[in-house]
Amino acid sequence: MTRIIGIWGKGGVGKSTCASSLAYYLSRDGYRVLLLTTDFVPTISRIFRVHGKGLVNVPGNANLFIYELSPDEVIDLWKQRFGDEVYQVISSFLPIDREIIDYIAGAPGIADEFMLYVLYELYRKKKYDYIIWDLPAAGDALKLLWIEREFYTHLGEAAKMYLKLKGFLQKLKRNSSKSPLDLINEWRELADHIFTLLKSNDHRALVITTPDDLSVEVTRKIINELESFDISIDGLIVNMVWPDSSEVAKLFNERLKMQEMNLSKIKEMASKLSKDYRIIPLLNFRELGTNVLEMIGREIAPFVY
Ligand SMILES: Nc1ncnc2c1ncn2[C@@H]1O[C@H](COP(=O)(O)OP(=O)(O)OP(=O)(O)O)[C@@H](O)[C@H]1O
Ligand SMILES: [Mg+2]
């Protein structure tokens, strides 16, 4: 069984750090783990000092794989999967050459929309116990869901439109390729499978926040959005919590006050969700070494076991 754990949160709160730590910890605990990032400005290869394109094994750790999906790669994958089908539909009505595939593949939203399909395919291969999904900052991450929903709705409208124009389009048809309606319905079914997976028990979300006003506000928004998509949230993680020492209090008393207030807000949010929350302190490191990965991973892992 493969489980997908999505790591959500505002920009810069520590999503990639937490995702990498969790992936590292689970892999050391004997699970086969894929750390997937759909952030187009990824950082995980730097964390694991891995070079090379595509899905790669982390040297010295047979259980851990990382995959930083680049926009170019997503577009190539889109062309492989849908290029022919799209060409078939369009060329059945219009004298057009295959360059149309590149044109459509480069359209805004295609890479975002297709990202979830890549996740779905990786899940279906059942090669990993966990797919830890390092998401981009909140707005871009939510866009992935919004675009998929829009795509689903549009395909429904496209199917209706096709039925209305069917007689006319049949007359225009130049060759006997697969029916456009069948293809539209197949694509829609695929989008439906993706939503079914996202809503299932095999997909969970962890929301990372820091104890400051803005990221707590964004956390609330993320929780609401995920709930509106019926996506289960497994827990909240408060990262970069300041030590409450007298030295810190002297210099950063305002921040400590804000932190205290926000920690109680987060506690409330977690109890509303009937879930736990965990605290990760602000740590004194420059490079994210294995000891830090292990420490943060150990803190988060109980959420996913
Ligand atoms: N607990 C921590 N203590 C100290 N520094 C931390 C901690 N967690 C993360 N950081 C640092 O904070 C910075 C941002 O972390 P990270 O890149 O994981 O955030 P992100 O949420 O993935 O950002 P983005 O939204 O840009 O993808 C990094 O420099 C990271 O090393
Ligand atoms: Mg990141």
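What comes next concerns the included structure. (Residues numbered from 1 in each chain as written. Chains lettered and ligands numbered in written order. Predicted model: local features only at pLDDT ≥ 70, side-chain atom pairs only at ≥ 80, totals over all residues. Heavy atoms only, no water.)

## Considerations on the site of ligand 1
If you check the shell around ligand 1, you find 17 residues, and the closest are K15, S16, T17, N239 and L283. At a separation of 2.8 Å, an oxygen atom of ligand 1 approaches a polar backbone atom of S16. In this structure, D39 approaches ligand 1 through a side-chain N or O atom, which is 3.3 Å from an oxygen atom. When the free accessible area of ligand 1 is taken as 630 Å², the share hidden by the protein chains comes to 72%. When contributions to the shell around ligand 1 are tallied by element, the ones reaching two or more residues are α1 (15-28), β7 (233-241) and β8 (276-281). Per-element tally for the shell around ligand 1: the top contributor is α1, with 3 residues. For the shell around ligand 1, the per-class residue count stands at 8 nonpolar, 6 polar and 3 charged. (Near = heavy atom within 4 Å. Polar contact = N/O pair within 3.5 Å; in protein donor to acceptor, adjacent residues only side chain to side chain. Areas by Shrake-Rupley, 256 points an atom, 1.4 Å probe, with all protein chains shown as cover. Helix = DSSP H or I, 4+ residues; strand = E, 2+ residues; numbered from the N terminus. Nonpolar A, V, L, I, M, F, W, Y, C, P; charged D, E, K, R; others polar.)

## With respect to the packing of helix α5 (residues 110-124) against helix α7 (residues 180-199)
It is at 10 Å that the axes of α5 and α7 come closest, and there the two elements cross at 70°. By the criterion of interaxial angle, the relationship of α5 to α7 is roughly perpendicular. Two packed elements cross with a definite hand, and for α5 against α7 that hand is left-handed. Counted together, L116, Y117, L119, Y120 and Y123 of α5 and L190, H193, I194, L197 and L198 of α7 form the full contact between these two elements. Counted by class, the contact of α5 with α7 contains 9 nonpolar, 1 polar and no charged residues. (Axes fitted to C-alpha atoms, helices over the stretch in contact; angles between N-to-C directions. Parallel < 35°, antiparallel > 145°, perpendicular 65-115°, else oblique. Left-handed = near helix turned anticlockwise from the far one by under 90°. Contact = heavy atoms within 4.5 Å.)

## Considerations on a nonpolar patch on the surface
A cluster of nonpolar side chains, contributed by M161, L165 and F168, occupies part of the molecular surface with about 310 Å² of accessible area. Inspection of the secondary structure assignment puts L165 in helix α6 (residues 138-172). What makes L165 partly exposed here is its relative accessible area of 36%. (Patch = residues over 30% accessible without salt bridge, like charges linked within 9 Å, V, L, I, M, F, W, Y side chains within 5 Å. Salt bridge = Lys/Arg side-chain N within 4 Å of Asp/Glu carboxyl O. Buried < 20%, exposed > 50% of the residue type's maximum accessible area, 1.4 Å probe, protein only.)

## Brief notes about the pairing of strand β5 (residues 130-134)
Note on strand geometry: in a regular strand, side chains alternate between the two faces of the sheet. Of all 5 residues in β5, 5 are buried, a share of seventy percent or more. Alternating residues of β5 divide into Y130, I132 and D134 and I131 and W133, and every residue in both groups is buried. As paired elements, strand β1 (residues 3-9) and β5 share 5 bridges and run parallel to each other. Bridging across to β5, I4 finds its partner in I131. Pairing geometry for strand β2 (residues 33-37) and β5, over 5 bridges, is parallel. When the sheet's bridge partners are listed, L36 is paired in β5 with W133. (Pairing = 2+ DSSP bridges.)

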